[in-house]
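# Examination of the molecular architecture
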Amino acid sequence: MNILMCDLTHDTIALANEVFPLNIGLVASNLINNFGAKTDVELSKFIVEAEGLIESNIYDLIAFSNYPWNIEAGLQLSRMAVKKNPNTVIIFGGPNFPYSENEQIRFLKRNSEIDAYVFQAGELPFCELVGFLMNEPVEIRKQLLEEVPVKGVVSLDKNGNRLYGGLLPEPKNLDFIPSPYLTGLLDKFFLDRRLSPMIQTNRGCPFSCTFCADGHSSQNKVKSFSVERVKAELLYIAERIDPKLQKTLFISDLNFGMLKRDLEIADIIAEISSTMNYPKYIDATTGKNSKDRIIRAVEKLSGSLQMTMAMQSTDPVVLENIKRDNIRLEDYTAIMPSLKAANLSTYGEIILGLPGETLRSHLDTINDLLSMKVDNVVPHSLMMLNGAELNTDDSRELYKYQSRYRVLTRDFSKIGGEYVVETEEVAVSSKDLSFDEYIYARKVAFILSLLNNPGLSVVLNVAIEANLRPIELIEFVLNNNNNAIEYKACMTRVAAFEADTVGELWESEDDMRAYYQISENFDKLVQGVDGKNLIQSHVTEWISNGFEDLIKVVRGWFDSKGLTNDERVIDSLNYLKARTSNVFSEDRATKVIKIKLNYDLASWLLDPQKKLSEYKLSAPTAASFTISADQYDNLERQLEIFGKTPQGLSKAYIRIGPHTLWRRCEMPNKEAVSIDKKIMRPSSKASSSSAIY
């Protein structure tokens, strides 16, 4: 049986998803283990490659992983395959699928190219499906899927009713699935140095979050691969990687660090990293509970892993509505000094638009995390994800959700002569949050990305030092009506961001797709006019054109608080300006920015839980701000991958971690110090963050 398995990524202007296709690798390795020579399996990651394979081969079955960022690409390739060979069976699988029967029927009717859907974990159901079809004549296989239910598989009969063979239980020990690394199935992906390896040590989630596809009760049992297998895979990867170009290891676990065995795995990773110089970064979502164990895991990895504070909200009503059991805010506050003392970075995720969340409670959540001096606070818009409880008819009605559609950043391609655009549905209002408040909150997120930016949060930390509410600084920037030039310049940038934020939202998904079927409109996506990550692109543009106007407005806020001549404020503003000067220019490595400081701010930012007074210098001291050769080369390498377009620049900016972009502070008789000694997690769509699957 000739089978093609695809985990597609768009790469029209930049690589949109850079991880190895571990998902289809696991399914394929189990399939080969069960059927051996009876199957001929090909794995594909890139659309151009898959398109070529479909054009030059006849496949009995083509399977596609299904996420919001690649579903339309899979559907278009399905149409091409069936046009060439009407007997090709099209199978989809993955988390982008509803749980309720009526919604599954609606999904499959809307996406009629799909003959059957592998529901939940794919290894066992896919084997069941292939075994069911293998010995049947090719011309009746599609018909059989309309007549006979298959375990773990959903399809529609000829009358449009659901056929489902029921859940196929999965063993707690996952070692029954042969490793796609150790069997060599993924070897070809090591040859593309743009890609980064991903491993899975366990699957399942004990939490029941209503906004997440993994919150369903069927997913709450955690199953694991053996530690011995994980170690063997890590060694296999480290022996084949190019540590100069591929620095990141992705771990797809939903709560890394929560299990006792995660500490053992952390030790293994740390040992391999020290001896083989890989991985430099670890992209993983740490657990929502078992704080002491998570901290120990983060500590063992020497700063290459951030502690993810996936709070989503600090409002108790909201947390109850979403069935979320967080580490308590007080516990986080209590452990922050130890995290900072150990030079461990923190990443705070929150979601705008959760049930019961008002604009005020959302802003209070941001203020809570800023006041804790979390290194990077990131508000996400609530995505209406297939499989999530919030994305059901009942929840939409209960909370009066209104939604809009927007293009997923970088996820568009021309396939088979057709323009293909991936979209996401976001909640833009509810009974607790108006549309205007949603837009205001997005503007808050924009300014937050500038001032809470890793390595630039000095002014917010000084505000906290002065017993001020940091969220008020952000609101001051947005709410001022001052006619001074710098205020007008800031408001012009905010207005441009607001216009793009409103302009990217569509009431009708079909209307949006039709619009981008017109070549000149699709060209807007390619050129970066449409479909860009708005916060990334606007932040990158503002920084590349200089921070002076924003710094002057921030100074105005401190002036309004009676801190005009406060040395802490003066130092922080000068420091902010120096760190961000000429960071994108070609001659950035040869330019040196010099200022005088009264405080050793760079050292303080490594441990801002301490009082700034402890870092007062005996006299004003000259400080030089430089960009190292490594910094220069690192940015250049990313631009080679993602391109030097505005889109590529913003992708590189976030991918390398913006903290590594800023100038390093050098002071007499001191080693060059920078917040980038803390390793911040690179960002990717492959992240297992609940906000993006």
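Structure first, text after, so check above.
Below: a short report on this structure. As the structure is a computational prediction, the values presented were derived from the model and not from experiment.

Let us now look at the sheet that holds strand E12 (residues 281-283). Taken together, the three strands give an open sheet; going across it, the order is E8-E11-E12, and neighbouring strands pair in parallel fashion. Both edges of this open sheet fall to strand E8 (198-199) and E12, since each of them pairs with a single strand only.

The first and last C-alpha atoms of helix H3 (residues 71-84) sit 20 Å apart over 14 residues, in line with the 20 Å expected at 1.5 Å per residue. Across the 14 residues that make up H3, a large majority, 10, are buried. Along H3, the positions that sit buried rather than exposed are Ile71, Glu72, Ala73, Gly74, Leu75, Gln76, Leu77, Ser78, Met80 and Ala81.

Looking now at helix H16 (residues 470-479). Within H16, seven of the 10 residues are buried, which leaves the element mostly enclosed by the surrounding structure. Among the residues of H16, Pro470, Ile471, Leu473, Ile474, Glu475, Val477 and Leu478 are the ones counted as buried.

One can describe the packing of helix H14 (residues 435-451) onto helix H17 (residues 485-503) by two numbers: an axis separation of 10 Å at closest approach and a directional angle of 130°. By the criterion of interaxial angle, the relationship of H14 to H17 is oblique. Judged by the twist between their axes, the crossing of H14 over H17 is right-handed. Taking contact as the criterion, the partners of Ile439, Arg442, Lys443, Phe446 and Ile447 in H14 are, on H17, Arg493, Val494, Phe497, Glu498, Thr501 and Val502.

The subject of this paragraph is the sheet that holds strand E1 (residues 2-9). Within the open sheet, the seven strands sit side by side as E2-E1-E3-E4-E5-E6-E7. Their pairing is mixed. Lying at the two open borders of the sheet, with one neighbouring strand each, are strand E2 (40-46) and strand E7 (162-164). Averaged over all adjacent pairs, the angle separating strand axes in this sheet is 20°, with direction ignored. Bridge count between strand E4 (residues 89-93) and strand E5 (residues 116-118): three bridges; the pairing is parallel.

Once that is clear, we can look at the environment of Trp69. Assignment of secondary structure puts Trp69 in the loop between strand E3 (61-65) and H3. For the pair formed by Trp69 and Asn17, sequence separation is 52 residues and the distance between their alpha carbons is 8.8 Å.

Another aspect to go through is unusual backbone geometry. A cis amide bond links Tyr278 with the next residue in sequence, Pro279, at an omega value of 0°. Of note, the phi angle at Gln120 is positive, near 70°, even though the residue is not glycine. Locating Gln120 in the fold gives a position in the loop between E5 and helix H5 (123-134). In this structure Gln120 comes out as buried when scored by relative accessible area, which is 17%. Within the chain, Lys373 stands out as a residue other than glycine whose phi angle is a positive 65°. Considering the arrangement of structural elements, one finds Lys373 in the loop between helix H12 (359-371) and strand E15 (376-381). Assessed through its relative accessible area of 9%, Lys373 is described here as buried.

All chains considered together, the criterion is met by 25 aromatic pairs. Ring plane angle 85° and centroid distance 5.9 Å describe the contact between Phe412 and Phe522, whose orientation is recorded as edge-to-face. Here Phe412, found in strand E16 (residues 402-415), pairs with Phe522, found in helix H19 (residues 519-527); they are 110 residues apart in sequence, far enough to count as distant. Side by side, Phe412 and Phe522 carry an identical accessibility label, which is buried. Chaining the aromatic ring pairs together yields one cluster made of Phe97, Tyr99, Phe107, Tyr117, Phe119 and Tyr164.

The rules behind these values
- Residues numbered from 1 in each chain as written.
- Predicted model: local features only at pLDDT ≥ 70, side-chain atom pairs only at ≥ 80, totals over all residues.
- Heavy atoms only, no water.
- Pairing = 2+ DSSP bridges.
- Helix = DSSP H or I, 4+ residues; strand = E, 2+ residues; numbered from the N terminus.
- Expected span 1.5 Å × (residues − 1).
- Buried < 20%, exposed > 50% of the residue type's maximum accessible area, 1.4 Å probe, protein only.
- Axes fitted to C-alpha atoms, helices over the stretch in contact; angles between N-to-C directions.
- Parallel < 35°, antiparallel > 145°, perpendicular 65-115°, else oblique.
- Left-handed = near helix turned anticlockwise from the far one by under 90°.
- Contact = heavy atoms within 4.5 Å.
- Phe/Tyr/Trp six-rings, centres within 6.5 Å; stacked < 30°, edge-to-face > 60°.

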